[in-house]
Amino acid sequence: VRLYYSVARAVRFSQPAPTPMEATAGIATTPEAMGVEENGWVLEGPSELMPKEEVVAMGPAMPASMPALRVEAALERPSTTAEAHELAAVLSVVAPVVDSAARAPLRLVAVLDKSGSMRGDKLRLVQQTMRFMLRHLGEQDQLGLVEYDTTVKVLAPLTACDMHGHEKLDAALARLRPGLQTNLSGGLLKGLDLHRKGVGVARALGTSMQRVRFGNTYRCSSREDAEARRPLGVRPPPSSAEQVHEWTMELRFESPEDATLVRKVRYTLHDSFANPVLEVIEPPFRLTRLGWGTFTVKAELILNDGRTLQLEHDLTFGPPETFRTVLLPLRPPLPSVHALTNPAELEEAVVRSTFLFTDGLANVGIQKTDDVCKAARGALEELGDRRCTLSTFGFGIDHSAALLQGLAEVGGGIYSYVESEDQIGQAFGEALGGLLSTTHQNAQLSLKLTPGVTLARVCTDFAYERSEEDGAQTVVVEAADLFAEERRDILVMLKLPSAIDTDSDQVLGHFCARAFSVVMSRSEAVGPVELIVRRQESVDIVESNPHVERHRSRYLTTEALSAANQVARQGQLAEARRILSEAASKLSASDLGAHGDSVILGLIASLTDCQNDLRDQHQYRSVGDKKMTCMTMAHTQQRAMNLEATDIYGTTITRSMKSYFQSSVTR
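The structure presented is a predicted model; accordingly, all values stated were derived computationally and were not measured.

**A word on the overall build of the chain**
Point 1. If you tally the helices and strands in the chain, you get 18 helices and 26 strands.
Point 2. Nonlocal contacts in the chain, meaning residues at least 24 apart in sequence, comprise 75% of its contacts between residues at least 6 apart.
Point 3. Counting only carbon and sulfur atoms, one obtains 50% of the accessible surface of the chain, whose full area is about 29,100 Å².

What follows is the structure in structure tokens.
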């Protein structure tokens, strides 16, 4: 099985496969122009041949160096008979490869199970993984932390991952301790609520913040030294006090450059001083006095750009020094940010997600699967334009795969089955790699058919809508978000009418796609591409397009896994084994299977692997249910979900992050 998986990864669904699509609107339509053999298949025209009209951007023009979204279309055969029949097609949208530095900011909330069963290595590895994850988040990112057992607690609201934020989040993770039961619904709803609250306006506006330590040093002078100094108070000290306390106010900047941004500091002292208001013009803006009591010192920072910042410090005697760290916007706001009148605009082109981790069943709060999913759906809808994706991570044998799958489907995320403790790091790493490489959100694939051509079936679990106008049918598929290099391939079955003219080309329809580019902060549309087939009285028997056949096989596998798992949950293991065995036999008997196609062999290996986990109820409940649920979702969404069988959908970034976390997060 592992051999099949490793071989299949080398081919992958995302490898360019030949198709019988001919493109129009300036794209080459002849074999010579496309650079292929006369009898070859064409997946798409080379990108440099695509006309500018193919990319319709909403907003400023896209830089020439920025790779664009692209669409591909493949028909089952380049020519077909004249009588009415069905023809398969695959519609694809493909995300570009982008520079890792050109990514959208991330807003991530991690909801962590700390129930009693998490005691020991599990919780320690979760902490280690989260700390390692924190290293990959920068100042533009925000991370929130929620812990739950019987009760729910926010360890950290959404916090900017600058130096100060890293320290705060690391300290929060250090406070994780195992607890009692599992209030999964409470933890999840609290985590989703953090997206609604967001962060303070200053952070949301992207204002640059500098770290400054503000406070006082202290020493107790001898009576002789004190008497030798000029009295500074207008009133003598109380009889119970002595004027021997020497203190110095000071601002300690993290860098010398930050100190140059402050023109002067105006201190306001207690009114018992002869001169209670004083200005200091030289960094570190020290002010030393000898006094007899404590009070609140006020400091007004006058910046070079004319702004003023207010600070207060409770003067402290005893310790040699008492300082606290404050974050101050010493640098002027960026012009582009300063010009915005609606701070919410800054949050549009961000990637939002929630990670839910658990190793057990919900036994506190809302516990029924349908009720938890309903609550999550309502909470997500209430987020409005701050809606996030929701991904779930189920560890070990005791969690409910049905619940975590349902939540992931409601939230448009993934369900990752974490079979052992050693996989905790790699599961989080793979998922984080995807979020950090998100290029497009809310991808839509649209196919408008020529009147007379109708849609027989749309073979996908993605949501879609069908409509008809003036005899022309249209289907729009909601394909969710795309990571760099990812693709969504939608198998459709078209019903062709009888051809009036034979030995001629027939335009079946036009295919296009659109999505919001989080890198470019605007919508992007690509297409249309024409689907054209040759209608003839008789057609020589030729093999189906391998690209279409692979996705037909993927759909067959997905349907078999889903059906087998459904009956297995009812205790019918023999029937579940029969369903998987029958699907594996069909794949083996296909042309690609007979020729040893690596992708087909990988799908057969998945089915065989799951069959082995149906040998008895214990193995199915412990492993089989979770593995089949995860595989079904991965094949449906075409996204890697930790299991080796799903690596076929991995991208360069998700695979590298998975490997990196796997080697770095250890017991």
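**What to know about the packing of helix H12 (residues 424-436) against helix H18 (residues 652-664)**
The relative placement of two packed helices is expressed as an angle between their axes plus a distance between the axes.
Point 1. Running from N to C, H12 and H18 point in directions that differ by 145 degrees, and their axes come no closer than 7 Å. The interaxial crossing formed by H12 with H18 has right-handed handedness. Of the residues in H18, those touching H12 at Gly-425, Gln-426, Gly-429, Glu-430, Leu-432, Gly-433, Gly-434 and Leu-436 are Ile-653, Thr-654, Met-657, Lys-658, Phe-661 and Gln-662.
Point 2. By residue class, the composition of the contact of H12 with H18 is 5 nonpolar, 7 polar and 2 charged.

**Regarding unusual backbone geometry**
Point 1. With an omega of 5 degrees, the peptide bond running from Pro-283 to Pro-284 counts as cis.
Point 2. Along the chain, the position of Pro-284 falls in the loop between strand E11 (277-280) and strand E12 (287-291).
Point 3. Of note in this structure, Ala-480 is not a glycine but carries a positive phi near 65 degrees.
Point 4. Counting through the fold element by element, Ala-480 comes out in the loop between strand E22 (472-478) and strand E23 (482-483).
Point 5. Take Ala-480: its relative accessible area is 30%, and that puts it in the partly exposed class.
Point 6. Positive phi outside glycine occurs at Asn-642, with the angle close to 80 degrees.
Point 7. You can see Asn-642 is positioned in the loop between helix H17 (617-637) and H18.
Point 8. Taking relative accessible area as the criterion, Asn-642 reaches 3% and is therefore assigned buried.

**Points about the sheet that holds strand E6 (residues 142-148)**
Point 1. Overall, mixed pairing links the 6 strands, which are arranged E7-E6-E5-E16-E17-E18 in an open sheet. Two strands in the sheet have a free side with no partner beyond their single neighbour: strand E7 (152-160) and strand E18 (412-418). For this sheet, the mean angle separating the axes of adjacent strands, direction not counted, is 10 degrees.
Point 2. Pairing between strand E16 (residues 351-358) and strand E17 (residues 389-395): 6 bridges, direction parallel. Within E17, the position partnered with Phe-357 by the bridge is Phe-393.

**Here's the deal with the pairing of E7**
Point 1. Here 6 bridges tie E6 to E7, and the two strands are oriented antiparallel to one another. Within the sheet, the bridge partner assigned to Gln-142 lies in E7 and is Ala-160.
Point 2. Hairpin geometry of E6 and E7 is characterised by an intervening segment of 3 residues between the two adjacent antiparallel strands.

**Some details on the sheet that holds strand E10 (residues 262-268)**
Point 1. Spatial strand order, E11-E10-E13-E14: 4 strands in an open sheet with antiparallel pairing. Whereas interior strands pair on both sides, the edge strands pair on one side only; in this sheet they are E11 and strand E14 (308-314). Here the average twist between neighbouring strands, direction ignored, is 20 degrees.
Point 2. Relative to E14, strand E13 (residues 296-303) runs antiparallel, the two being bridged by 7 bridges. If you follow Lys-298 over to E14, its bridge partner there is Glu-312.

**A look at the packing of aromatic side chains**
Point 1. The final tally for this structure, using the stated rule, is 12 aromatic pairs.
Point 2. Between Phe-132 and Phe-661, the aromatic rings sit 4.7 Å apart at their centres with planes inclined by 80 degrees, giving edge-to-face as the arrangement. One end of the pair, Phe-132, is in helix H3 (residues 121-134); the other, Phe-661, is in helix H18, with 529 residues separating them in the sequence. For the pair shown, Phe-132 and Phe-661 are each scored as buried.
Point 3. Among the aromatic residues, ring-to-ring pairing joins Phe-355, Phe-357, Phe-393, Phe-395 and Phe-428 into one connected group.

**As for the pattern of salt bridges**
Point 1. Summed over all chains, the structure comprises 37 salt bridges.
Point 2. Glu-575 is the partner of Arg-578 in a salt bridge, and the nearest nitrogen-oxygen pair spans 2.8 Å. Of this pair, Arg-578 and Glu-575 both sit in helix H14 (residues 573-589), separated by 3 residues, roughly a single helical turn.
Point 3. With relative accessibility at 40%, the residue Arg-578 sits in the partly exposed group.
Point 4. A salt bridge links Lys-627 to Asp-613; the nearest nitrogen and oxygen atoms lie 2.9 Å apart. In this pair, Lys-627 is assigned in helix H17 and Asp-613 in the loop between helix H16 (598-612) and H17, connecting sequence segments 14 residues apart. For the pair Lys-627 and Asp-613, a shared accessibility class is recorded, and that class is buried.
Point 5. Because the salt bridges share partners, they merge into one network encompassing Arg-70, Glu-72, Arg-487 and Asp-489.

**Considerations on H3**
Point 1. In this model H3 runs 20 Å from its N-terminal to its C-terminal C-alpha over 14 residues, within 8% of the 20 Å that 1.5 Å per residue would give.
Point 2. With 10 of its 14 residues buried, H3 lies for the most part within the structure.
Point 3. Of the residues making up H3, those classed as buried are Lys-122, Leu-123, Leu-125, Val-126, Gln-127, Thr-129, Met-130, Phe-132, Met-133 and Leu-134.

**A look at the confidence of the model for the chain**
Point 1. Scored by pLDDT, the chain has a mean of 84; 84% of the residues are at 70 or more.
Point 2. Predicted confidence for residues 15-64 stays below pLDDT 50, and this span has 102 contacts to residues more than four positions away or in other chains.
Point 3. Note that residues 200-206 has pLDDT below 50 and, in this model, 11 contacts with residues that lie over four places away or in other chains.

**Structural notes on H16**
Point 1. Taking 1.5 Å of rise per residue, the 15 residues of H16 would be expected to cover 21 Å, and the 21 Å separating its terminal C-alpha atoms lies within 8% of that figure.
Point 2. Among the 15 residues of H16, 11 are classified as buried, and the element is accordingly described as predominantly covered.
Point 3. Sitting at the amino-terminal end of H16 is Asp-597, which places a side-chain oxygen 3.0 Å from the backbone nitrogen of Val-599.

**Overview of the packing of H3 against H12**
Point 1. One way to put it is that H3 packs onto H12 with a least axis distance of 9 Å and a crossing angle of 30 degrees. In terms of axis orientation, H3 runs roughly parallel to H12. Handedness of the H3/H12 crossing: right-handed. Two secondary-structure elements touch here, H3 through Lys-122, Leu-125, Val-126, Thr-129, Met-130 and Met-133 and H12 through Ile-424, Gly-425, Phe-428 and Leu-432.
Point 2. A per-class count over the contact of H3 with H12 returns 7 nonpolar, 2 polar and 1 charged.

Definitions and limits used
Residues numbered from 1 in each chain as written. Predicted model: local features only at pLDDT ≥ 70, side-chain atom pairs only at ≥ 80, totals over all residues. Heavy atoms only, no water. Helix = DSSP H or I, 4+ residues; strand = E, 2+ residues; numbered from the N terminus. Contact = heavy atoms within 4.5 Å. Areas by Shrake-Rupley, 256 points an atom, 1.4 Å probe, with all protein chains shown as cover. Axes fitted to C-alpha atoms, helices over the stretch in contact; angles between N-to-C directions. Left-handed = near helix turned anticlockwise from the far one by under 90°. Nonpolar A, V, L, I, M, F, W, Y, C, P; charged D, E, K, R; others polar. Buried < 20%, exposed > 50% of the residue type's maximum accessible area, 1.4 Å probe, protein only. Pairing = 2+ DSSP bridges. Phe/Tyr/Trp six-rings, centres within 6.5 Å; stacked < 30°, edge-to-face > 60°. Salt bridge = Lys/Arg side-chain N within 4 Å of Asp/Glu carboxyl O. Expected span 1.5 Å × (residues − 1). pLDDT = per-residue confidence, 0-100. Polar contact = N/O pair within 3.5 Å; in protein donor to acceptor, adjacent residues only side chain to side chain. Parallel < 35°, antiparallel > 145°, perpendicular 65-115°, else oblique.

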